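# Residue-level structural notes
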Amino acid sequence: MMAHLPATAMYFLVSFLPLILLLLWSARRIRTAAEFYAVGHEYSGFRNGLAISGDYLSAASFLGISGLIVTSGYAGMLYAVGFFAGWPLILILLADKLRSIGRYTLADVLNDRFSNRSIVLLGTFGYFPVVVIYLAAQFVAMAYLLQYLFDYSYQSSLFVLAVLALVTAVTGHMIFSSRAQMIKAVLIFSVTLLVTALAYFSAEHDWPALFTVTQVTASQASHSAEMSLAGHFYLTGGESALALLSLGIALILGPVGLPHIMSRFFSVSDERRARMSVFYATGVIGLFYILIIVLGFLIIARLPDMPPQASVEGANLAAVYLAALVGGDLVAGVFAAVLMTVLLSVMTSLILTGSSALSHDWYALTLGKARNYRQEQRLHRFASTVSVTTAIVIASLSEGQNVAYMVGLAFSFAASVNVPLLLGALYWERLTARGALIGGWCGLIAVVAAVLAGPMVLVDWFGFEQAIFPWRNPALFSISIAVVAMWYFSVTDQTSEEESTDDEYSD
Amino acid sequence: MPTDQRNLHLKLLVHPGYTALRLRIRAYRRRMATVVAGCYLLFLVCFSLLPEALLTPVSTSNPTPWLIPIAVFTILLQFLVTGIYVKTMNTVYDEEMQAIRRDVGL
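As the structure is a prediction and not an experimental result, all values here were calculated from the model.

## Quick word on the side chain of Q78 of chain B
Positionally, Q78 of chain B belongs in helix α4 (residues 67-104). Leaving out residues up to four positions away in the same chain, Q78 of chain B has contacts with F84, A85 and P88 of chain A together with V36, C39 and Y40 of chain B.

Take a look at the structure:
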């Protein structure tokens, strides 16, 4: 494998530069939220749907899920089904509703419903860990790609990425457009299809035998002993049923609370096109996750002997090893270039979306100051720098973590704070400002405490033998606390009679 | 909002058809959300609590475990439900809403 690296790296560079230039050419520099929402107004439902897919199809979850199927067998499939399952819910519960009330972000909804700055501030705080952990997952995936291509150490790769991300944070406006996202969706879908087809047709496969228990068990047995961090759970034994339920709940609810997903529903001119956009996006995303499942089992069939370094990589590069096997240096180089382009693109949009949550929502709504572009930009840069620095520290500590697991963890934060606040504000007439505020904070504190006392931090980061909180994904625990607190502090709120409830929120 | 527009909007809000339609849309959304969430939760509960059953081969001639077709079916079913929702909203409810809006002059 090592002998092929220079050629793969060369093909990577030759493909990566034009891809980045293509994305930069296709994108527009966007300075304001108004410009952002205006970008896609001329697009059809299909084109906007492709753009939405580009927002969501993350190379990190692709690399992570295919690796998890190799090391954790069928359990890895839960990520593929769960990452997809949130989509129809977003369409039915959010897209129409938010369009009909004319509010585009969580902060807008909370501000409109409660006119309470503390709640808007809570919504902003809720975004921060989601963005930071999601960003850290991109860094982990990119660091492993750089390590594979150029033989850098993991920590040196992270250093290079940190410099790049900080430059983006300090200088970048949102290089972001529907056209760039469409190109991203087409690129990642095409290379995934290519590698899957090459892997399937380059050898004889008995289709039903591909998914057999015998094959998967053999793969788990060969990898789980050495891949201690990647093999988080197994379908038969290992993680408890409740822990799997908790993970599954985070996976379906998480996308509903992601800050960078919802906004594109509003970048087409009418509701019909918005719905059609989500319909097309659901089709593309569903097909993509089915492909990942097939790819994961093809990796097991074609690569029974994974390279030795895979044991400390959280199996994140399993798909890249497969690409090298079935397509040689050229396909591996192009595949890595597309993945890196998509990861970088997600990284920049996360940095800028996350920081705009702080600069726009907090500054403009919470502080109630008149909009001042320069001051907002300064706060924007500060927030970007803090997000990047925190994400790099987390990525540095998370060497060996599977990136799909990290994305799932980001989803558990979104599901514990943003989702109860958003759905409560939109659908529960009796939710009061007091209930929303206390419930939201309870959810946030519960999820932070459970993660800090959980296996990732205590066992993986700090080497303790056992964690205080047993589940790797605490969503079920923290969502329950948030919802119960919201309910209790709303129904016992004596001031609730005085609060007005807009007719639009009664659906 | 200009005064004329505001008056028309108020007229829309008190239109009996409008309230009834909003209630029907609300009920429809709830039904579809329940179907989508219920179908995933059923998969999740089986996945967490009945792993051995899901690993049973589809048939004696086909060793693929039931989990594979069930997972793919769950994804396809959700896509189908999304399609039905979009079609119904875009053709049935939107048309009715437009008719009511025309009725009040909006």
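## Some remarks on the nonpolar core
Side chains of a nonpolar character, in soluble globular proteins, are inclined to be buried together. Residues and elements named next belong to chain A. Of all hydrophobic cores here, the largest spans 196 residues; its most connected members are F83, F139, Y289 and F297. Top element by residues in this core is helix α14 (residues 318-366). It accounts for 23 residues. In this structure, F83 is in contact with Y56, S61, I65, L251, P255, Y289, A404, V407, G408 and F411, ignoring residues within four places of it in sequence.

## Side note on the pattern of salt bridges
All told, the structure shown has six salt bridges over all chains when counted by the stated rule. Residues E271 of chain A and R275 of chain A are paired through a salt bridge, measuring 3.3 Å at the closest nitrogen-oxygen approach. Placement of the pair is E271 of chain A and R275 of chain A together in helix α13 (residues 271-302), with a separation of four residues, close to one helical turn. On the basis of relative accessibility, which here comes to 28%, the residue E271 of chain A falls in the partly exposed class. When its relative accessible area of 1% is taken as the criterion, R275 of chain A is described as buried. Between E96 of chain B and R24 of chain B there is a salt bridge, with the nearest N and O atoms lying 2.7 Å from each other. Placement of the pair is E96 of chain B in helix α4 and R24 of chain B in helix α2 (residues 16-49), with a sequence separation of 72 residues. The exposure class of E96 of chain B is partly exposed, given its relative accessible area of 28%. By relative accessible area, which is 39% here, R24 of chain B ends up partly exposed.

## As for the packing of aromatic side chains
Residues and elements named next belong to chain A. Tallying each qualifying case throughout the model produces 29 aromatic pairs over all chains. Considering the side-chain rings of F125 and W441, the 5.8 Å spacing of their centres and the 55° angle between planes classify their relative orientation as tilted. Here F125 is found in helix α7 (residues 117-150), whereas its partner W441 is found in helix α17 (residues 433-452), with 316 residues between them in sequence. On the accessibility criterion, F125 (41% relative accessible area) is partly exposed. For the cation-ring pair, K97 lies above Y427, with the distance from its terminal atom to the ring centre recorded as 5.3 Å. Directly above the ring of Y405 sits R472, whose terminal nitrogen or CZ lies 5.6 Å from the centroid.

## So, the interface of chain A and chain B
Across the boundary between the two partners, chain A contributes 44 residues, which contact 40 residues of chain B. For the pairing of chain A and chain B, the buried interface totals around 4,000 Å² over both sides, and the portion due to carbon and sulfur atoms is 73%. The interface formed by chain A and chain B contains three salt bridges. Measuring nitrogen to oxygen at the nearest pair gives 3.1 Å for the salt bridge that ties E95 of chain B to R272 of chain A. The interface formed by chain A and chain B includes six residue pairs in polar contact (both at pLDDT 80 or more). Listing elements by their share of the side of chain A that touches chain B, those giving two or more residues are α5 (77-101), α11 (241-253) and α13 of chain A. Per-element tally for the side of chain A that touches chain B: the top contributor is α5 of chain A, with 13 residues. Split into classes, the residues belonging to the side of chain A that touches chain B amount to 29 nonpolar, eight polar and seven charged.

Reading the values: rules and limits
- Residues numbered from 1 in each chain as written.
- Chains lettered and ligands numbered in written order.
- Predicted model: local features only at pLDDT ≥ 70, side-chain atom pairs only at ≥ 80, totals over all residues.
- Heavy atoms only, no water.
- Helix = DSSP H or I, 4+ residues; strand = E, 2+ residues; numbered from the N terminus.
- Contact = heavy atoms within 4.5 Å.
- Core = buried A, V, L, I, M, F, W, Y, C linked by side-chain atoms within 4.5 Å.
- Buried < 20%, exposed > 50% of the residue type's maximum accessible area, 1.4 Å probe, protein only.
- Salt bridge = Lys/Arg side-chain N within 4 Å of Asp/Glu carboxyl O.
- Phe/Tyr/Trp six-rings, centres within 6.5 Å; stacked < 30°, edge-to-face > 60°.
- Lys NZ or Arg CZ within 6 Å of the ring centre and 35° of its normal.
- Buried area = accessible area lost by both parts, 1.4 Å probe.
- Polar contact = N/O pair within 3.5 Å; in protein donor to acceptor, adjacent residues only side chain to side chain.
- Nonpolar A, V, L, I, M, F, W, Y, C, P; charged D, E, K, R; others polar.

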